[in-house]
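Letter by letter, the chains look like this.
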Amino acid sequence: MTATPQPQPSNARITLTVNGEESEVLFASYKTLLEVLREDMNLPGTKHGCELGECGACAVLLDGQPVLSCLVLGVECDGRQVETVEGLMEGNELHPLQEAFADLGGAQCGYCTPGILVTAKHLLEEVGTPSREQIREVLAGNLCRCTGYLQIFESVEEAVVRCGERKADS
Amino acid sequence: MMRLPRFEYRAPRSVQEAATMLAEEGPSGMLLAGGTDLLPNMKRRQQVPRTVIGLRGVPELRASSNGSGLRLGAGLTLNELCRDPRVEKLYPALFQAAVQVATGQLRNMATLGGNLCLDTRCNYYDQNYEWRKAIDFCMKKDGETCWVAPSSSKCLAVSSTDVAPALMALGGIVRLVAADGEREVAVKDLYQNDGIHYLTRRREEILTDVLLEPSAGWRSTYWKLRRRGSFDFPVLSVAAAAHFDGDEVTEARVVLGAVASQPLACDEASAFLVGKQLTDDVIQEAAGLASKVGRPMDNTDFLLHWRKRVIGEFTRYALRELRGEDMTEDRVRIARHQLAAVP
Amino acid sequence: MKGSEFQVVGHPRRRVDGRAKVTGKTVYADDIVMPRMVWMKLLRSPHPHAKILSIDPSRALAHPGVMLVLTGKDLTIPYGILPVSQDEHPLCQDKVRYVGDPVAAIVARDELTAFEAMDLVDVKYEPLRTFAEPEESLQHDEPRIHDYCGQGNIHKLINLQFGDMDKGFGEADEIFEDRFFYQGNNHLALEQHASVAAVDLDGKVTLWSSTQTPHYVHRALAKALEIPAAHIRVIATSNGGGFGAKSDIFHHEVCAAKAALVLGRPVKVCMTREEVFYCHRGRHPVLMEIKTGVKKTGEITAMHLKTLVDGGGYGSYGVASTFYTGALQTVTYDVPRYHFQGCRVFTNKPPCGPKRGHGTPQPRFGQEIQLDKIAERLEMDPADLRLKIVAKPNTVTANYMRIGTIGLAECIRRVVDVSDWKKRFRKLPRGRGVGIACASYLSGAGLPIYWNKMPHSGVQLKLDRSGGVTAFCGCTEIGQGSDDVLVGLVAEVLGIEPFDIRAVTADTDLTPVDLGSYSSRVTLMMGNAAIQAAENARDQIAGVIAKHLEIPRNRLVFADRRVFDAENPEHGVSFQEAVCLSEAKLGTIGAVGSYTPPPSPARYKGGGVGPSPAYSYSAAVAEVEIDEETGWISVPKIWMAHDVGRSLNPTLVRGQVEGSVYMGLGEALMEEQTFRRLPSRLSNALVHKFPSILEYKSPTTHDMCDVVTEIIEDPDPNGPFGAKEVGQGPLLPIMPAVCNAVFDAVGVRIDEVPVTPEKVLKALDLQRRGKEGRYGPEKFPDVPWPNPSVIPPPIEGGDGSAIDQPDSAKKKAKVNQP
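Rules and cut-offs
- Residues numbered from 1 in each chain as written.
- Chains lettered and ligands numbered in written order.
- Predicted model: local features only at pLDDT ≥ 70, side-chain atom pairs only at ≥ 80, totals over all residues.
- Heavy atoms only, no water.
- Buried < 20%, exposed > 50% of the residue type's maximum accessible area, 1.4 Å probe, protein only.
- Helix = DSSP H or I, 4+ residues; strand = E, 2+ residues; numbered from the N terminus.
- Pairing = 2+ DSSP bridges.
- Contact = heavy atoms within 4.5 Å.
- Buried area = accessible area lost by both parts, 1.4 Å probe.
- Salt bridge = Lys/Arg side-chain N within 4 Å of Asp/Glu carboxyl O.
- Polar contact = N/O pair within 3.5 Å; in protein donor to acceptor, adjacent residues only side chain to side chain.
- Domains from an automatic or database assignment.
- Expected span 1.5 Å × (residues − 1).
- Nonpolar A, V, L, I, M, F, W, Y, C, P; charged D, E, K, R; others polar.
- Phe/Tyr/Trp six-rings, centres within 6.5 Å; stacked < 30°, edge-to-face > 60°.
- Axes fitted to C-alpha atoms, helices over the stretch in contact; angles between N-to-C directions.

### Points about the pairing of strand β10 (residues 205-209) of chain C
Residues and elements named next belong to chain C.
- Among the five residues in β10, five count as buried, and that is most of the element.
- Residues Val 205, Leu 207 and Ser 209 of β10 are buried on one face, and the alternating residues Thr 206 and Trp 208, pointing to the opposite face, are buried as well.
- Two elements, strand β9 (residues 194-199) and β10, share five bridges in a ladder whose sense is antiparallel. By the bridge assignment for β10, Ser 195 is matched with Ser 209.
- Hairpin geometry of β9 and β10 is characterised by an intervening segment of five residues between the two adjacent antiparallel strands and by a positive phi of about 95 degrees at Gly 203.

Given below as structure tokens:
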């Protein structure tokens, strides 16, 4: 029988860099990156809707790539770089994606938003001006039940414009 | 939140070390590559290894090279595969299969080897512990009966890998390494039609590479049926590859995915195509032959009768594409997206 | 005030909680962590229907790390969202009614330990006969799933006849009889329900929960825990989507509070996705039979609707849901005589309840397809037919719903125009088609869930010398933007910026009661209360400032964070100064506003469901493409016009419309909550077919269609600045519009949802064989209907009450059926 108790948890200790800050963290070794972030690093911005890789709410950037943190073992994150929604702002300034999502209705209940934002950020870094089809494809791994996605697409497109404006300003 | 069971984690640095660990651990050790298959199964308590052997620290598994043909490390992620221009240009079936797996985030994690070894799937099996308890479990895990067909003596869980049918059509070979030696097996011989023992890989072997023969003169394609444009596993797929001399087919392989516990080679249909041009009539006839092979069961999305019925239509899509027809519109309609690699 | 004069209302704006949501700082229930917090898991029944013979938690209690196991005997008082259906317990008492029904709560130092201990609670069951389908529940009285109501396994029977039906059908030139089936489905809110309960510093208990209805949870906790409500605090955390899923009282909420009180430690519980499907309260599966009489010219003379509602294992909102399968059928088009029969049965499945549109999408689906068939037979354009029969403004319907404004005709005209309907309908090549459908929906239920004379919504404002304003209201943010509506309206009235206002919401200790985020009630009801409160505050300030500026009050303007003379805008004070002057003169400045809906003309028993201060209207055109070889169906585009009365924040209004279209598309094409029975000779199992977010299919970005949204503004006098609802109504026309488009494309009728390729192909096969190309239910089972209550409709000179209704029943009629 599979749910019967097994040996008491051993803890794991790793060092990882989250949003540019290196930390050492101690956690129960069965935990996924999602649990480590939320429960052991006080970063609850990353959400979960299934914990099985079926919804996209827990997406984070791991070594620069969007992945689902619910299916990454904490013990496999030693020495790696993680970026979560908490790391999108620069100081107190919103990232253009955050601004656009807030302004254009890209976030309603806000629960899928962190996963979408980090995934979209990676897209903008890789492709300066993505097409609607590219946005659609990249966000096909993030379920949203509120918006019908259209205001999300528009928010990403607006963020591209705002990124350009910020560049021009600086 | 669903939690993983407790386990011990080991991180080998080489294939040899991993193979040794696997041998040491015996049946209670399992390999972890991308984690997208094993970890959900562990959370649902379908698979509860005492020891997880993580392969991400094994650099050999991520190498690829092109001597004659192409050698792809089993540890490459599906997105790495999709971004490799050689894969997209020379082995379109593999590209199309890989690019349609799950979602972008999952393709950044899931590996070629992981998808080839993907656990078979079934609506009675891919359920939480509590759910399976409510049906008194099933043959594949903790129970006795195959609820898909209670009189069946073997498990009928469905082979749900996308890349395996594609690689079978392409005539791929895999390399399996154990502590005491290694061997090469054709992808088609990696599988057997049993939902529990679906791999001929021995427990102590590690799938390390995929080898593809040179693609000159070959065309290939992969068509996948699923409800939605992302996330979903295939519930039917058709992979087809043909070698052409002018318009005439000199060699062909048509393979069905997700309609049995292994990918099914449609030998009759493949043989029928040889020596022929892919006219409408020939395609129609071949599609009929392919349809006879598939035996979908009622354990995936969609009704089984319908899945059975559309095998012919999906085979036609594949063969029409092989003869050079522009199938983009049908692709968008069926696959709901453009099959372009994403960054 | 004219639209253009609004400073906040009508302007697209960043919602007030936008920044929190894009920074990941919004706190959802599962984000709460407390010192010494422990974790709870619910052990659920593996049997669909069984007696509990014994529960022995001793092995679990002996497991290291386990602190507490609660069972039914620890919580014996029943509760239920409706006063008439107090049929739930936090943990099952003597029997279980579906796979997933909770029997024990295990609290441990961490969630994994609690999970592991679940297998150590020994429960003995005696399985009972199970009921999977409503037809089975109708056929077999025994064993009863519940024994508190009616007969056998029937939960509720309704028979309401509005007028002389023989006369109505006698006036018809054609009579149409059709049967439809609407499959049940789940809300699939992305956030799984979660709660944290803790004992306060002063010994009272607080529950943070992802709930849409903190007020009702508050009441139920007081009852189930036997603690005065004043000693319980419920805080609704921001909901990660609701759609009705979180508008009931849940086992885990009561159990967490109980466990916190026993242990004196904070207790957290978070559902898995599978458990969310067991919490359910989703769309009821409904079988319908609709008989409609029409004149050659299209006018409806009479309609007879029968619904068979599959309720699942408990009452939940079901009595209301069942009434709703009939109540709004008269509000969209003119139906002079109407007969409604509704029957809800219990089955051994998770309880159904309210989902976006609550009870209304199902009969709307049926009627809109039937209208398409009527138009076909009468050789009319279905858009023209609808335009002809649109219900009239400022009228009372056959079942005594008072309709105020109706923007439906304008919705139809607009959607016909933008979709180029006239050039497409019946003119596209075979395989492609367009379909039209319309709908109406409540802007809030006219009556509360439990009978009382108090307001439905209250708003309290605190103004002080900072110049800032705090708005307190029990309204609950579920993503729809209720905080934004609250703040926007107060800002508009006081002439300040939304950023000057802080919203404190959904906290039973701090905020005045608002009944909750359900029935699309918040914008209208909370909005009116907010305006009243703000006007009250404004009046207090105006009195002081008029004197200060030495001008008449009616010349004062509150705008641009100032209070000034309309005739001499330079002459004025800042808003902050105005508050200071007022505080000096009047003392502490506070203001309240409340809202109670107007009384309904419906005086019959059952007339409490359906009345609303205002109805929203929508019209949609869907385009589909059908592949005739496979039946594969694609929906590339939907055009939608929605009459929202007044658009308070157009960004949010559009978001609600598109979100409704999205969810409607999911229901139309793929979403279904279905169950699997194993072969009865081998197993008693009756399980949810696929309680996962992977196998319960919901549309991804690739599956979503393009949407053209047209907002129609026809301000309703009952709405805040004329606003009506937008969160639910636009979902309703999507499913029938898709089905009607399928008919236009390939000439087959799919009379049920979801519309899958299998069904389309089956209908096409029939068509190819020369038979009627249709997929849908063939018959409606026999139901032991009671004699009808006969209520003469307005055209027969009725007064809203039933004929021969005894006085006691008349009085009872006012005691609402929620």
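### Topic: the interface of chain C and chain A
- Counting from both sides, the interface comprises 60 residues of chain C and, opposite them, 53 residues of chain A.
- Summed over both partners, the interface of chain C with chain A comes to about 4600 Å²; 55% of that surface belongs to carbon and sulfur atoms.
- Ranking the residues of chain C by area buried against chain A places Val 22, Leu 190 and Thr 701 of chain C at the top, with a combined share of 16%.
- Across the chain C-chain A interface, the total number found is seven salt bridges.
- In this structure, Arg 14 of chain C and Asp 103 of chain A form a salt bridge, with 2.6 Å as the shortest nitrogen-oxygen distance.
- In this structure, the connection of chain C to chain A is made through 30 residue pairs in polar contact (both at pLDDT 80 or more).

### Regarding the environment of Gly 294 of chain B
All names here are of chain B.
- As for its position among the elements, Gly 294 is in the loop between α11 (280-293) and α12 (304-309).
- We classify Gly 294 as buried; its relative accessible area is 0%.
- Considering only alpha carbons, one finds Gly 294 and Asn 115, 179 residues apart in sequence, at a separation of 21 Å.
- If sequence neighbours within four positions are ignored, Gly 294 has contacts with Leu 256, Val 259, Leu 264, Lys 308 and Ile 311.

### What about the environment of Asn 153 of chain C?
All names here are of chain C.
- Turning to its location among the elements, Asn 153 is positioned in the loop between α4 (134-139) and β7 (154-162).
- Classification of Asn 153 as buried rests on a relative accessible area of 0%.
- Remark: the alpha-carbon pair of Asn 153 and Pro 715, spanning 562 residues in sequence, is separated by 45 Å.

### What to know about the domain arrangement of chain B
Residues and elements named next belong to chain B.
- Considered domain by domain, chain B is made up of domain 1 (8-57) and domain 2 (59-117 + 158-335).
- Taking only C-alpha atoms, the centre of domain 1 and the centre of domain 2 are 26 Å apart.
- At the interface, 17 residues of domain 1 touch 16 residues of domain 2.
- Buried area between domain 1 and domain 2, both sides added, is near 1300 Å², and the carbon and sulfur share of it is 70%.

### Regarding helix α19 (residues 757-768) of chain C
- Taking 1.5 Å of rise per residue, twelve residues should cover 16 Å, and α19 of chain C covers 16 Å from first to last C-alpha, within 8% of that figure.
- If you check which residues of α19 of chain C are buried, you get Pro 757, Glu 758, Lys 759, Val 760, Leu 761, Ala 763, Leu 764 and Asp 765 of chain C.
- Buried residues along α19 of chain C sit against α12 of chain B together with β26 (615-626), α18 (734-746), β31 (749-750), β32 (752-753) and β33 (774-775) of chain C.
- A positive phi of about 80 degrees marks Gly 770 of chain C, the residue just after α19 of chain C.

### Remarks on the interface of chain A and chain B
- Between chain A and chain B, the residue contacts involve 46 residues of the former and 39 residues of the latter.
- Of the roughly 3600 Å² buried where chain A meets chain B, counting both sides, 60% is carbon and sulfur surface.
- Inspection of the chain A/chain B interface yields four salt bridges.
- In this structure, the salt-bridge partner of Arg 44 of chain B is Glu 54 of chain A, at a minimum N-O distance of 3.7 Å.
- Here chain A and chain B share 13 residue pairs in polar contact (both at pLDDT 80 or more) between them.
- Among the elements of the structure, α1 (33-40), β4 (65-68), α3 (113-126) and α4 (132-138) of chain A are those that each provide at least two residues to the side of chain A that touches chain B.
- Looking at side-chain class alone, the side of chain A that touches chain B contains 23 nonpolar, twelve polar and eleven charged residues.

### Considering the packing of aromatic side chains
- Per the stated rule, a full pass over the model turns up 20 aromatic pairs over all chains.
- Taking 6.3 Å as the distance between ring centres and 10 degrees as the angle between the ring planes, the aromatic pair formed by Trp 306 of chain B and Trp 632 of chain C counts as stacked. Of this pair, Trp 306 of chain B sits in helix α12 while Trp 632 of chain C sits in the loop between β26 and β27 (633-643), placing the two residues on different chains.
- For Trp 306 of chain B, a relative accessible area of 5% puts it in the buried group.
- For Trp 632 of chain C, a relative accessible area of 3% gives the class buried.
- Seen in terms of ring centroids, Tyr 98 of chain C and Tyr 314 of chain C are 6.0 Å apart; in terms of plane orientation they differ by 85 degrees. Their pairing is edge-to-face. Of this pair, Tyr 98 of chain C sits in the loop between β4 (95-96) and β5 (102-108) while Tyr 314 of chain C sits in the loop between β14 (300-310) and α9 (318-327); the two residues are 216 residues apart in sequence, bridging distant segments of the chain.
- What makes Tyr 98 of chain C buried here is its relative accessible area of 1%.

### A short note on the sheet that holds strand β6 (residues 122-127) of chain C
All names here are of chain C.
- Pairing within the open sheet is antiparallel, and its three strands lie in the order β4-β2-β6. Of all the strands in the sheet, just β4 and β6 have a single pairing partner and so form its edges.
- Two strands pair when backbone bridges link them, and strand β2 (residues 50-56) and β6 are joined in this way by six bridges, in the antiparallel orientation. Across the sheet, residue Ser 54 finds its bridge partner in β6, namely Lys 124.

### Some details on the sheet that holds strand β34 (residues 789-790) of chain C
All names here are of chain C.
- Here we have seven strands laid out as an open sheet, ordered β32-β8-β13-β14-β15-β7-β34, and mixed in their pairing. Edge strands, defined here as strands with exactly one partner in the open sheet, are β32 and β34.
- Sheet topology note: the β7/β34 ladder contains two bridges and is parallel. Within the sheet, the bridge partner assigned to Leu 160 lies in β34 and is Ser 789.
- In the packing of α9 onto the sheet, the strands contacted are β7, β13 (286-294), β14 and β15 (338-345), and the crossing angle to β15 comes to about 150 degrees.
- Here helix α10 (residues 361-378) sits on the sheet and contacts β8 (174-182), β13, β14 and β32; the angle it forms with β8, its principal contact strand, is near 140 degrees.

### A short note on the domain arrangement of chain A
Residues and elements named next belong to chain A.
- Considered domain by domain, chain A is made up of domain 1 (11-87) and domain 2 (96-169).
- If you average the C-alpha positions of domain 1 and of domain 2, the two centres end up 22 Å apart.
- Contacts between the two partners involve 16 residues from domain 1 and, on the opposite side, twelve residues from domain 2.
- For the pair domain 1 and domain 2, the two sides together bury roughly 1100 Å², of which 60% comes from carbon and sulfur.
- For domain 1, the biggest contributors to the area lost against domain 2 are Lys 47, Leu 61 and Val 85; these three give 34% of the whole.
- Put simply, domain 1 and domain 2 have one salt bridge between them.

### Points about helix α13 (residues 311-322) of chain B
All names here are of chain B.
- Between the first and last C-alpha of α13 there are 17 Å, a value that for twelve residues agrees with the 16 Å anticipated at 1.5 Å per step.
- Most of α13 sits out of view: eleven of its twelve residues are buried.
- Here α13 has its buried residues at Ile 311, Gly 312, Glu 313, Phe 314, Thr 315, Arg 316, Tyr 317, Ala 318, Leu 319, Glu 321 and Leu 322.
- Phi turns positive one or two residues past the end of α13, at Gly 324, with a value near 105 degrees.

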